[in-house]
Structures are given as structure tokens and as C-alpha cells.
Amino acid sequence: MHSAEKKHDFEPKVVAFVCTWCTYAGADLAGTSRMQYPPNVRVLKFPCTGRIDPVFILRAFQKGADGVLVSGCHPGDCHYMAGNFHARRRFAAFRVLLGFVGVDLNRLQFSWVSAAEGGKWVEVVTELTERVRAMGPMREFKELEQEEQWSATLTTPELQQAYESI
Ligand code: FES
């Protein structure tokens, strides 16, 4: 079998870190409106994107995610005033770092999805899932799982449980 065929055979695992006020509500709206989107997405909700540590993203890749989405309230709509602006700055710097360590940045997506945008949620997760499916499995950080020295910073029980189930 050609490697190109194998890439299309696999079901990508996508982890979505979302803020509970906007994107989680948007995803919920998509669900209750019976909109169809890939079942590959595991949603982890946070009070605000400002609370999502970049280490969580590394950890998700390391634990088996093939793609990661971070999504929250639109600029100006954050319930904690400027949490999403802080997050945007932090993640811009973090992307550079990820690129530096060799991660294909097409595996990581940032977006704004409001509580009213169930359709946009479907679009964003579908596009990311299909892009990652075409790229094939993410292997780089899974290999680091063996070593562990650099990643022991994340230990909250909730996240631990979520990562175990990826
Ligand atoms: S509350 Fe949604 S990004 Fe801050």
C-alpha cells in the first residue's frame, strides 16, 4: 500500500481547547441543531482561552492528538475582558516555538467561535480534521512520551483524565 493511501485511511484525533462562554456554547448549538461534524474531535472546555496554557497543547500532541484547535470568544467579547487578547499574544509566540521544534503548524489552529456560530464551529472542526487527515498521523511528540523529562508540568486530574482518553 502506498503511504499516500495510508494517510487517508487513518482517523485523526483532534483535541479542541475551548472557552466555555463562546465556543463551547457554539459547539453545543451545533449539536442541538443536529449539524453534522466529524466525531474525531474531543472538546476540553476552560473558563477562558486566557486559562489555556501552551503546555496543554504540547501535552495533547504528546498524548496522541494529530491536530489541536484552540478557540474562544471573538476579540472584544471575552467574559474576562482581555483574556483572549492575552491568549492570542501568547499563542502567537508559542507557534513560533512549535515551528522551531519541527511541528508542522498546519496541525494547530486558532479561531474565534461565538455562542451563536454553530455553523462556524462545524466549518472550523471539519476543515482542521480533513487537513490533518491528509497530513497523516502526528508522530514527533509521541516519541517524546518515552522520555518525559520536559513535560511533567501538567498534572491536573481533569486534564490528566482527558488526555488518558485521547
Ligand atoms: S471568556 Fe471566552 S475567551 Fe475569555
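Residues numbered from 1 in each chain as written. Predicted model: local features only at pLDDT ≥ 70, side-chain atom pairs only at ≥ 80, totals over all residues.

Q: With reference to specific residues and values, describe the pairing of strand S1 (residues 14–19).
A: Of all 6 residues in S1, 6 are buried; the element is thus mostly enclosed. Burial of the side chains of S1 extends over both faces: Val14, Ala16 and Val18 are buried on one face and Val15, Phe17 and Cys19 on the other. Pairing analysis gives 6 bridges linking S1 to strand S2 (residues 41–46), with the strands arranged parallel. Pairing of Phe17 across the sheet is with Leu44, part of S2. Of the crossover connections in this fold, the one passing from S1 over helix H2 (residues 23–32) to the parallel S2 is right-handed. Strand direction decides the pairing type here: S1 and strand S3 (residues 67–72), joined by 5 bridges, are parallel. (Buried ≥ 20, exposed ≤ 12 C-beta atoms within 10 Å, placed from the backbone. Helix = DSSP H or I, 4+ residues; strand = E, 2+ residues; numbered from the N terminus. Pairing = 2+ DSSP bridges. Right-handed = clockwise from strand over helix to strand, strands pointing away.)

Q: Break down the packing of H2 against helix H5 (residues 118–135) for me, with residues and values.
A: As a packed pair, H2 and H5 sit with axes 7 Å apart at the nearest point and diverge in direction by 95 degrees. Judged on the interaxial angle alone, H5 and H2 are roughly perpendicular. Only Gly118, Lys120, Trp121 and Val122 of H5 make contact with H2, whose side of the interface consists of Thr23, Gly26, Ala27, Leu29 and Ala30. Classifying every residue of the contact of H2 with H5 gives 5 nonpolar, 3 polar and 1 charged. (Axes fitted to C-alpha atoms, helices over the stretch in contact; angles between N-to-C directions. Parallel < 35°, antiparallel > 145°, perpendicular 65-115°, else oblique. Contact = placed C-beta atoms within 7 Å. Nonpolar A, V, L, I, M, F, W, Y, C, P; charged D, E, K, R; others polar.)

Q: Explain H2 to me, using residue names and the numbers behind them.
A: Those residues of H2 that fall on the buried side of the exposure criterion are Thr23, Tyr24, Ala25, Gly26, Ala27 and Ala30. Buried-residue contacts for H2 involve S1, S2, S3 and H5.

Q: Can you lay out the pairing of strand S4 (residues 108–112) for me, pointing to particular residues and giving the numbers?
A: Looking at chain direction, S3 and S4 are connected through 5 bridges and run parallel. The partner of Val68 across the bridge, within S4, is Leu108.

Q: Before we move on, could you go through the environment of Cys78 and cite the residues and values that matter?
A: By the secondary structure assignment, Cys78 is in the loop between S3 and helix H4 (83–100). Remark: the alpha-carbon pair of Cys78 and Trp21, spanning 57 residues in sequence, is separated by 8.3 Å. Setting aside its immediate chain neighbours within four residues, Cys78 contacts Cys48, Cys73, Gly83 and Asn84.

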